[in-house]
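# Observations on the model geometry
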Amino acid sequence: MPKLAAARYGKDNIRVCKVERDEATKTHIVVEMTVCVLLEGEIETSYTEADNSVVVATDTMKNTTYIVAKQNPVTPPELFASILGTHFIETYKHIHTAHIKVTIHKWTRMIIDGKPHPHSFFRDGDETRIVEADVIEGKGIEIRSAISGLLVLKSTGSQFHSFVRNDFTTLPDVYDRILSTSVDAGWTWKTLSSVDEVETEVEKFDETWTKARDITIKTFAEDSSASVQNTMYKMGEQILAAASSVEAVDYSLPNKHYFEIDLSWHHGLKNTGEDAEVYAPQSNPNGLIKCTVTR
Ligand SMILES: O=c1[nH]c(=O)c2[nH]c(=O)[nH]c2[nH]1
């Protein structure tokens, strides 16, 4: 007998932009986000018996997202995601979990003639800030905050040697290499009981995002890296030390290879080892190194 083992549904890629206007200073704040709402609960019969009486339309979830954004703060995204998720589990008695994902897209204020412009912004790179909040009836709000797509490169200060070597191995030991990655870093908060408790923590969310980003960038730049594994572990350790409400830190780092090119076939041109200047960036395959660091 087949049975429905798991089910959740909702609306993905809900694009929302909110403009907050300070009438006194005529300064605007623009927040653009992409939201995903997925609901779980007593919805089995919609799958097994074509019973739509238990279905909150995904179109309704989209409308709700707009209205909750209009009537509440959208920053920090941890608070907005908690308010939105709580709305669903409190409004529909058969819905017991709301999974909310908010992706914030950068709009960085322009500096014109040395002064911050009141209402003009530019897209300052593809890095996004992500919040995933699971609002679970009877349990509370589980939040993971994250940085995604922060592209970094260092042209020295990275090694990789002394790894397992056997008759499958061709990679030489390397004592100086280019290191590049696109940082996905997340930190999981201790479970919060309600939106009220999220509000008591509200200042920590932006503060911790700044700390996590600063630690990631500084460690990447300054560590004399033995491997991606070791450098990311050092980042995780420091974020745990800097943020007492964080229970776990996770990293997922692609190793974006830049290969040396042997040009000695051209009149003995030296371009490897200490003479390396021109490299071939690789699209694929790439290494992919992940870890979670807890207390
Ligand atoms: O930092 C690295 N870690 C690895 O596990 C690995 N494997 C590899 O081929 N190059 C690298 N670099």
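Everything numeric in this text was worked out from a predicted model, so none of it was measured.

## Some thoughts on helix α6 (residues 228-242)
With 15 residues, α6 ought to run about 21 Å at 1.5 Å a step, and its terminal C-alpha atoms sit 21 Å apart, in line with that. All buried positions along α6 are accounted for by Val228, Thr231, Met232, Met235, Gly236, Ile239 and Leu240. In this fold, the buried residues of α6 make contact with β8 (179-189), α5 (202-222), β9 (246-255) and β12 (287-294).

## A few points about the sheet that holds strand β7 (residues 140-154)
Reading across the sheet, the eight strands line up as β1-β2-β3-β6-β7-β8-β9-β12 and stay open at both edges, with antiparallel pairing between neighbours. Each end of this open sheet is capped by a strand with a single partner; those strands are β1 (9-22) and β12. Shown here is a sheet whose adjacent strand axes are inclined to one another by a mean of 15°, direction ignored. One ladder, built from eight bridges, connects strand β3 (residues 95-105) with strand β6 (residues 128-136); its direction is antiparallel. The partner of Ala98 across the bridge, within β6, is Val135. Seen against the sheet, α5 touches β6, β7, β8 and β9 and runs at an angle of roughly 30° to β7. Each of β8, β9 and β12 is contacted by α6, which is oriented at about 155° to β9, the strand it contacts most.

## Brief notes about the pattern of salt bridges
Per the counting criterion, the structure on display carries 17 salt bridges. Among the salt bridges present, the one from Glu40 reaches Arg8, with a minimum N-O distance of 3.4 Å. Taken together, the positions of Glu40 in strand β2 (residues 27-41) and Arg8 in the segment before β1 put the pair 32 residues apart, joining distant regions of the chain. Of the residues examined, Glu40 reaches a relative accessible area of 23% and is grouped as partly exposed.

## Some points on the side chain of Thr219
Structurally, Thr219 can be placed in helix α5. Apart from residues lying up to four places away in sequence, Thr219 is in contact with Thr231, Lys234, Met235 and Gln238.

## Some points on the site of the ligand
What surrounds the ligand is the set Phe160, Leu171, Arg177, Ser227, Val228, Gln229, Asn255 and Ile289. Measuring from a nitrogen atom of the ligand, one finds a side-chain N or O atom of Gln229 at 2.9 Å. Within the side chain of Asn255, an N or O atom sits 3.3 Å from a nitrogen atom of the ligand. Relative to its unbound accessible area of 290 Å², the ligand is 73% covered by the protein chains. Here the residues of the shell around the ligand are counted per class, giving four nonpolar, three polar and one charged.

## Some remarks on the domain arrangement of the chain
The accessible area lost on association of the parts is a frequent measure of interface size. Parsing the chain into structural domains produces domain 1 (1-138) and domain 2 (149-295). One C-alpha centre belongs to domain 1, the other to domain 2, and the line joining them spans 29 Å. On the domain 2 side, the residues contacting the 10 residues of domain 1 number 10 residues. Summed over both sides, the interface between domain 1 and domain 2 buries roughly 950 Å², with carbon and sulfur atoms accounting for 63% of that surface. Summed over the shared surface of domain 1 and domain 2, the result is two salt bridges. Between Asp206 and Arg129 there is a salt bridge, with the nearest N and O atoms lying 2.9 Å from each other.

Calculation criteria
- Residues numbered from 1 in each chain as written.
- Predicted model: local features only at pLDDT ≥ 70, side-chain atom pairs only at ≥ 80, totals over all residues.
- Heavy atoms only, no water.
- Helix = DSSP H or I, 4+ residues; strand = E, 2+ residues; numbered from the N terminus.
- Expected span 1.5 Å × (residues − 1).
- Buried < 20%, exposed > 50% of the residue type's maximum accessible area, 1.4 Å probe, protein only.
- Contact = heavy atoms within 4.5 Å.
- Pairing = 2+ DSSP bridges.
- Axes fitted to C-alpha atoms, helices over the stretch in contact; angles between N-to-C directions.
- Salt bridge = Lys/Arg side-chain N within 4 Å of Asp/Glu carboxyl O.
- Near = heavy atom within 4 Å.
- Polar contact = N/O pair within 3.5 Å; in protein donor to acceptor, adjacent residues only side chain to side chain.
- Areas by Shrake-Rupley, 256 points an atom, 1.4 Å probe, with all protein chains shown as cover.
- Nonpolar A, V, L, I, M, F, W, Y, C, P; charged D, E, K, R; others polar.
- Domains from an automatic or database assignment.
- Buried area = accessible area lost by both parts, 1.4 Å probe.

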